Amino acid sequence: MKKQPKQQKITALYERLSRDDELSGDSNSIINQKKLLEKYATEQGFTNLIHYTDDGWSGTNFERPDWKRLLNDIEDGLVGCVIVKDMSRIGHNYLQVGFYTDVLFREKQVRFIAITNGVDSINGESNEFAPFLNIMNEWYVRDTSRKIKSVLHAKGMEGKHLTGNVIYGYKKDPEDANHWLIDEEAAANVRCIFQLIIDGLGPSQIARLLTSEKVERPFYYLAIQGLGSCKGSCDMSKPYTWTASTITDMLKKQEYMGHTVNFRNYKESYKDKLSKKVDPEDWVIFENTQEAIVDEDTWNMVQKI
């Protein structure tokens, strides 16, 4: 029987671009990264080139789709070499990057090359410098995070909204992004919900009523206008499915009295994915920064109920 030829391993060309990279010009663009990697791989005699590309993903997030696809192919023994423009394309957490380049790739016998850093895993001297590059990449992100946090704190202490998204019932002022205007269509529903609570209905009853009357729920209403934090993840197949938790969350918002409420939550580190809640007595509240949808007496009455 004729022996089957051994499958040629993949030369993985990995590109990543974050929104911060976009601000620094075209040198890091996905197109230019691909050109650089293809040129280098071809000149060095690599074959079976396959691109793995994560566009718009931060280097602190290792849940990138194509990065995970690359790791799966490495685990399956399909990849012989990984080539990147520089070490920061892999990521900005020096411990995680070090695990991939020094542990996983080595275990799977995957050669690793970072072109502009002069790193090549078959060159012992270049490998000795790689950990320092990883630490510098993480330091850069940590320093940037600290500066952004400082800017946001200053903005928050000036009474400006820290969220880039308006809440249901408001819309951004086209002449001032920091100012909210009332969205009359949604605001009418907010006022109705507050009044129904005063009339004796509970959140679950109100949710069922709004669902039966086919009132668009807040996430859906904002998403179809390209607004809100869930515009890319909203389940668009359920436009009218209100819940009791949606109602109770709305009833707690002091913004409906016309106030700006800042510093409700925080992250201890830029590495944290989830925010921690701040005690309400430590919130910073600026009154009468936008037109109120419900008056203070109504809001306070609903809180007592």
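Residues numbered from 1 in each chain as written. Predicted model: local features only at pLDDT ≥ 70, side-chain atom pairs only at ≥ 80, totals over all residues. Heavy atoms only, no water.

Undergrad: Can you break down helix α4 (residues 94–107) residue by residue, with the values?
TA: The terminal C-alpha atoms of α4, which comprises 14 residues, lie 19 Å apart, in line with the 20 Å expected from a rise of 1.5 Å per residue. The largest bend along α4 reaches roughly 30° and is located at Y100. Listed as buried for α4 are V97, G98, Y100, T101, L104 and F105. Of the residues flanking the end of α4, it is Q109, one or two places downstream, whose phi is positive at about 55°. (Helix = DSSP H or I, 4+ residues; strand = E, 2+ residues; numbered from the N terminus. Expected span 1.5 Å × (residues − 1). Bend = angle between axes of the 7 residues up to and from the residue. Buried < 20%, exposed > 50% of the residue type's maximum accessible area, 1.4 Å probe, protein only.)

Undergrad: Explain the nonpolar core to me, and be specific about the residues and the numbers.
TA: Counting 29 residues, the largest nonpolar core has W242 and Y256 as its most contacted members. The set of elements that each furnish at least two residues to this core consists of β7 (176–182), α6 (184–198), α7 (203–212), α8 (218–223), α9 (244–252) and α10 (296–304). Examining the composition of this core, we find that seven residues originate from one element, α6, more than from any other. Beyond its immediate stretch of four places on either side in the chain, W242 contacts Y168, I193, A207, L210, T211, V215, E216, R217, P218, I247 and M250. Counting residues in each nonpolar core, the second largest holds 22 residues, with V82, Y100, L104 and F105 among its members. (Core = buried A, V, L, I, M, F, W, Y, C linked by side-chain atoms within 4.5 Å. Contact = heavy atoms within 4.5 Å.)

Undergrad: Before we move on, could you go through the pairing of strand β6 (residues 170–173) and cite the residues and values that matter?
TA: Bridge analysis of β6 against β7 gives four bridges, and the strand direction is antiparallel. Note that in β7 the partner of K171 across the bridge is L181. The hairpin turn running from β6 into β7, its antiparallel successor, is two residues long. (Pairing = 2+ DSSP bridges.)

Undergrad: Can you lay out the pairing of strand β4 (residues 111–114) for me, pointing to particular residues and giving the numbers?
TA: In the case of a regular strand, side chains alternate between the two sheet surfaces. As judged from the four bridges shared by strand β3 (residues 79–84) and β4, these two strands associate in the parallel manner. Note that in β4 the partner of V82 across the bridge is F112. Note that the unit made of β3, α4 and β4 has a crossover that is right-handed. Alignment of β4 against strand β5 (residues 119–120), held across two bridges, turns out to be antiparallel. When the bridges of β5 are listed, A114 appears paired with V119. Between β4 and β5, which pair antiparallel and follow one another directly, the connecting turn spans four residues, one of which, G118, has a positive phi of 70°. (Right-handed = clockwise from strand over helix to strand, strands pointing away.)

Undergrad: Give me the sheet that holds β3: which residues, what numbers.
TA: Backbone-to-backbone hydrogen bonds join strands into a sheet, with any given pair of strands oriented parallel or antiparallel. Spatial strand order, β2-β1-β3-β4-β5: five strands in an open sheet with mixed pairing. Across the chains shown, the open sheet's two edge strands, defined by having one partner strand only, are β2 (49–55) and β5. Docked against the sheet, helix α2 (residues 30–43) engages β1 (10–17), β2, β3 and β4, running at close to 155° with respect to β1. (Axes fitted to C-alpha atoms, helices over the stretch in contact; angles between N-to-C directions.)

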